[in-house]
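Structure at a glance
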Amino acid sequence: MERLDGKQLSQTIKSEIAATVEQIKSRGGKIPHLAAVLVGEDPASQTYVNNKVKSCEAIGYRSTLVKLDADIPEQALLEHIDALNKDEDIDGFIVQLPLPDHIDVDKVTMAIAPEKDVDGFHPVNVGRMAIGLPAYLPATPNGILTLLDRYGVATEGKHCVVLGRSNIVGAPISILLSQNTKPGNCTVTLCHSRTKDLKSHTLSADILIVAIGKAHFVGADMVKEGATVIDVGIHRVKDDTKKSGFRLIGDVKFDEVAPKCSYITPVPGGVGPMTIASLLMNTLKSAKKEVY
Ligand code: GUN
């Protein structure tokens, strides 16, 4: 069994990007510039956004954090987005989700110019991804593809079973891994809450991607010997032996599943750290105008 170490790989990717930024600087080129919009004070969102901004600084990007009050009117948020769309120094930006209930998330997503949508959430990017055109890929699927690619996990002709059909993980990764690409060329089964006899599907998976949002949902009895297991889940559970009082677990029972696997991602330190690396890769693409 080999761990797919997202913590280490994300560091490697950040170092590679930092070297590229150095080259750009030495040539007098434009430094990539990412902006992040944070609405309200949700602690998890604050942590995520702070990590994104810190990672930008660490690799030599410019970054701008736009902090807005939780009660900002939707129209005012749309005006901030319009300003970022028009700001020529900003290569790409994200609006951290979730947004307060009074704001229509679809309206916000569609207000972001597709060529600056480094989250890959705008329907233009989703559509381009789906038909195999250059696009900004969403962070988690992109992180999974990068892990499979860099660890040399064979995908061609393999049966990939995806648990969960969300717009940001399950649906896009199922499309991406079925395409004629590397990694890709899988035969993909997408399972969800209405799937009958789930275990019959998971037991036939060469690659099992679990993005179902239920702590410790997948046990050893659901996994084929020699499978590759990608765990997208992340849950806080009480743990009095930790200083923080909690620990993080995934959608997969790692301890019992890992011995059966060829490859498996740990939680924490698997898919999670790869998402920021993906955002930074997309921002570099936007600065280099590689997509549009
Ligand atoms: N909230 C949780 N994940 C994400 C993400 O990838 N992008 C944005 N904008 N918000 C998120």
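Residues numbered from 1 in each chain as written. Predicted model: local features only at pLDDT ≥ 70, side-chain atom pairs only at ≥ 80, totals over all residues. Heavy atoms only, no water.

Turning to the nonpolar core, a few remarks are in order. For soluble globular proteins, the rule of thumb is that nonpolar side chains tend to be buried together. If you look at the biggest cluster of nonpolar residues, it comprises 49 residues, and the most contacted ones within it are Ile17, Tyr61, Ile144, Leu177, Ile209 and Ile230. For this core, the secondary-structure elements that each account for two or more residues are helix H1 (6–26), strand S2 (33–39), helix H2 (43–59), helix H6 (139–150), strand S5 (159–163), helix H7 (170–178), strand S7 (207–210) and helix H10 (271–287). For this core, the leading source of residues is H10, giving 8 residues. When neighbours within four sequence positions are excluded, Ile144 is seen to be in contact with Ile173, Ile209, Ile230, Val232 and Val271. Judged by nonpolar contacts, the second largest core, of 18 residues, contains Cys191, Ala227, Val229 and Ile264. (Core = buried A, V, L, I, M, F, W, Y, C linked by side-chain atoms within 4.5 Å. Buried < 20%, exposed > 50% of the residue type's maximum accessible area, 1.4 Å probe, protein only. Helix = DSSP H or I, 4+ residues; strand = E, 2+ residues; numbered from the N terminus. Contact = heavy atoms within 4.5 Å.)

With that out of the way, let us pick up the packing of aromatic side chains. If you walk through the whole model with that rule in mind, you get 1 aromatic pair. With a centroid separation of 6.0 Å and 40 degrees between ring planes, the pair formed by Tyr136 and Tyr292 is classed as tilted. Note that Tyr136 is positioned in the loop between helix H5 (123–130) and H6 and Tyr292 in the segment after H10, a separation of 156 residues in sequence. In this structure, Arg128 is placed above the aromatic ring of Tyr292, and the distance from its NZ or CZ to the ring centre is 4.4 Å. Positioned above the aromatic ring of Phe246 is the side chain of Arg236, whose terminal nitrogen or guanidinium carbon lies 3.9 Å from the ring centre. (Phe/Tyr/Trp six-rings, centres within 6.5 Å; stacked < 30°, edge-to-face > 60°. Lys NZ or Arg CZ within 6 Å of the ring centre and 35° of its normal.)

Spacing of three or four residues puts side chains on the same side of an α-helix, whose turn is 3.6 residues. Taking 1.5 Å of rise per residue, 21 residues should cover 30 Å, and H1 covers 30 Å from first to last C-alpha, within 8% of that figure. For H1, the secondary structure elements touched by its buried residues are H2, H6 and H10. By the N-cap criterion, in which a side-chain oxygen at the helix start approaches the backbone nitrogen of a residue two or three places on, H1 is capped by Asp5, the distance to Lys7 being 3.1 Å. After H1 finishes, the residue Gly28 shows a positive phi value of roughly 75 degrees. (Expected span 1.5 Å × (residues − 1). Polar contact = N/O pair within 3.5 Å; in protein donor to acceptor, adjacent residues only side chain to side chain.)

What follows deals with the sheet that holds strand S6 (residues 187–191). Here 6 strands make up an open sheet; going across it, the order is S1-S11-S8-S7-S5-S6 and the pairing parallel. Looking at strand neighbours, the two that pair on one side only are strand S1 (2–3) and S6, the edges of this open sheet. By the bridge criterion, 5 bridges tie S5 to S6 in an arrangement that is parallel. Residue pairing across strands places Val161 opposite Thr189, the latter belonging to S6. (Pairing = 2+ DSSP bridges.)

Moving on, we get to the site of the ligand. Taken together, Lys52, Val95, Gln96, Leu97, Asp119 and Phe121 make up all the residues around the ligand. One of the backbone N or O atoms of Val95 is found 2.8 Å from a nitrogen atom in the ligand. Comparing atom positions with the cavity grids shows the ligand to sit within the largest pocket. Split by residue class, the shell around the ligand holds 3 nonpolar, 1 polar and 2 charged. (Near = heavy atom within 4 Å. 1 Å grid on protein atoms, 1.4 Å probe; cavity = no way out; pocket = protein on both sides within 12 Å on 5 of 7 lines; lining within 4 Å. Sits in = over half its atoms within 2 Å of the grid points. Nonpolar A, V, L, I, M, F, W, Y, C, P; charged D, E, K, R; others polar.)

For the rest of this paragraph, the subject is the layout of surface pockets. Roughly 1600 Å³ of internal volume is contained in the largest pocket. Along the wall of the largest pocket there are 48 residues; nearest its centre are Tyr48, Ile234, Gly272, Pro273 and Thr275. Of all the elements in the fold, those that place two or more residues in the lining of the largest pocket are H1, H2, strand S4 (92–95), H6, strand S9 (235–238), strand S10 (246–249) and H10. Take the lining of the largest pocket: its biggest share by element is 8 residues, from H2. (Points joined across faces, edges and corners; volume = space filled by probe spheres on them.)

Right, let's get into empty space enclosed by the protein. Any empty space left between the atoms is revealed when a probe the size of a water molecule rolls over them. Under the counting rule described, the total for this entry stands at 1 cavity of 30 Å³ or more. Roughly 70 Å³ of internal volume is contained in the largest cavity. Along its surface, the largest cavity is lined by Phe93, Ile94, Val95, Leu97, Val105, Val108, Thr109, Ile112, Asp117, Asp119 and Phe121. Of all elements in the fold, only S4 and helix H4 (105–111) reach the threshold of two or more residues within the lining of the largest cavity. Partitioned by chemical class, the residues of the lining of the largest cavity number 8 nonpolar, 1 polar and 2 charged.

Helix packing for two helices is described by the angle between their axes and how far apart those axes are. H10 packs onto H1 with a crossing angle of 20 degrees between their chain directions and a minimal axis gap of 8 Å. Considered as vectors, H1 and H10 are oriented roughly parallel to each other. For the pair H1 and H10, the crossing hand works out as left-handed. Of the residues in H10, those touching H1 at Gly6, Lys7, Leu9, Ser10, Ile13, Lys14, Ile17, Thr20 and Ile24 are Pro273, Met274, Ile276, Ala277, Leu280, Met281 and Leu284. Partitioned by chemical class, the residues of the contact of H1 with H10 number 11 nonpolar, 3 polar and 2 charged. (Axes fitted to C-alpha atoms, helices over the stretch in contact; angles between N-to-C directions. Parallel < 35°, antiparallel > 145°, perpendicular 65-115°, else oblique. Left-handed = near helix turned anticlockwise from the far one by under 90°.)

Taken by themselves, the reported measurements are silent on function.
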